[in-house]
Amino acid sequence: MRPSSPRRWCDRERAPDPWTHQPSGRTDRATVARSAERLALLADAPLFEGLTQDQLRRIAKVSGARTFDPGEELVKEGATGRVFTSSSKGKPRSFGAGERSSASVPAIPSGEMAILTTAPRSASVVADDPMEVLTLSGPHLRAILMDQPKIAVRLLDTLARRLADLDRRFTS
């Protein structure tokens, strides 16, 4: 039996690239557009008002995106929620507290309390049109808050101000 000759690097089959993303120093326009859209959606959410662009960028990195077909339920009334959503495309329809009919609502962020607590959802939300939404889970936000106390303090300030505004409205 003849010993096999050593293989040279050029004789080998190329191994599949183990990286799903290879930094090149350049970013394609679609990625930049998605990042800018996520930042804008987070900045428009009352919960995140006052956060810096860098702080919003940190949150955007752990956010996701999801599409919904017309009639598909985004949120179910009474279910415990752990996800914040903000619509970038499409229009939702909201059904509240046993209502039989629904109202088309503006595409506003929902689930601000759901990512901070496990309180049941107060209404169901269904996609009226095809929808694209940004999603942010409670556990992902909590990890950022544990790592970035300045963000946690800013959210606490925002929530305290909103609670004080509600208190003034109901006690006046």
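You'll find the structure just up there.
Since the structure is predicted, the reported quantities are computational estimates derived from the model, not experimental observations.

The rules behind these values
Residues numbered from 1 in each chain as written. Predicted model: local features only at pLDDT ≥ 70, side-chain atom pairs only at ≥ 80, totals over all residues. Heavy atoms only, no water. Helix = DSSP H or I, 4+ residues; strand = E, 2+ residues; numbered from the N terminus. Buried < 20%, exposed > 50% of the residue type's maximum accessible area, 1.4 Å probe, protein only. Contact = heavy atoms within 4.5 Å. Phe/Tyr/Trp six-rings, centres within 6.5 Å; stacked < 30°, edge-to-face > 60°. Arc of directions from axis to C-beta. Pairing = 2+ DSSP bridges. Axes fitted to C-alpha atoms, helices over the stretch in contact; angles between N-to-C directions. Core = buried A, V, L, I, M, F, W, Y, C linked by side-chain atoms within 4.5 Å. Salt bridge = Lys/Arg side-chain N within 4 Å of Asp/Glu carboxyl O.

Things to note about the overall build of the protein chain
Okay, step 1: Broken down by element type, the protein chain carries 4 helices and 7 strands.
Okay, step 2: Mapped from its N terminus to its C terminus, the protein chain presents α and β elements in the order α-α-β-β-β-β-β-β-β-α-α.
Okay, step 3: With 172 residues in all, the protein chain has 26% of them scored as buried.
Okay, step 4: At a minimum sequence separation of 6, the contacts of the protein chain that also span at least 24 residues come to 79%.

Section: the packing of aromatic side chains
Okay, step 1: Summed over all chains, the structure comprises 1 aromatic pair.
Okay, step 2: Judged by centre distance (5.6 Å) and plane angle (85 degrees), the rings of Phe48 and Phe84 are edge-to-face. Of this pair, Phe48 sits in the loop between α1 (29-44) and α2 (53-61) while Phe84 sits in strand β3 (residues 83-89); the two residues are 36 residues apart in sequence, bridging distant segments of the chain. The two residues Phe48 and Phe84 agree in class, both being buried.

Re the environment of Arg58
Okay, step 1: Locating Arg58 in the fold gives a position in helix α2.
Okay, step 2: Linking Arg58 and Ile144, residues 86 residues apart in sequence, is a C-alpha distance of 7.7 Å.

Description of helix α3 (residues 138-147)
Okay, step 1: Three or more residues of α3 are buried, namely Gly138, Leu141, Ile144 and Leu145. The buried residues of α3 occupy one face: seen down the axis, they fall within an arc of 125 degrees. Away from the buried face of α3 by more than 90 degrees, exposed residues Pro139, Met146 and Asp147 are located.
Okay, step 2: On its buried face, α3 sits against α2, β7 (131-137) and α4 (149-171).

Side note on the sheet that holds strand β1 (residues 64-68)
Okay, step 1: One open sheet accounts for 3 strands, arranged β1-β7-β3; its pairing is antiparallel. Edge positions in the sheet fall to β1 and β3, since each has one partner strand and no second. Strand-to-strand, the axes of this sheet are offset by a mean angle of 35 degrees, without reference to chain direction.
Okay, step 2: Pairing geometry for β1 and β7, over 5 bridges, is antiparallel. Paired with Phe68 across the bridge in β7 is Met131.

A closer look at the nonpolar core
Okay, step 1: Membership of the largest hydrophobic core comes to 19 residues, with the highest contact counts inside it found for Leu42, Phe48, Ile59, Phe84, Leu141 and Leu155.
Okay, step 2: If near-sequence neighbours (up to four positions away) are discounted, Ile59 is found in contact with Leu42, Phe48, Leu51, Leu136, Leu141, Ile144 and Ile151.

Details of the pattern of salt bridges
Okay, step 1: Per the counting criterion, the structure on display carries 7 salt bridges.
Okay, step 2: Arg66 is paired through a salt bridge with Glu72; the nearest N and O atoms lie 3.2 Å apart.
Okay, step 3: Since its relative accessible area comes to 41%, Arg66 is described here as partly exposed.
Okay, step 4: Here Glu112 makes a salt bridge to Arg162, at a shortest N to O gap of 3.0 Å.

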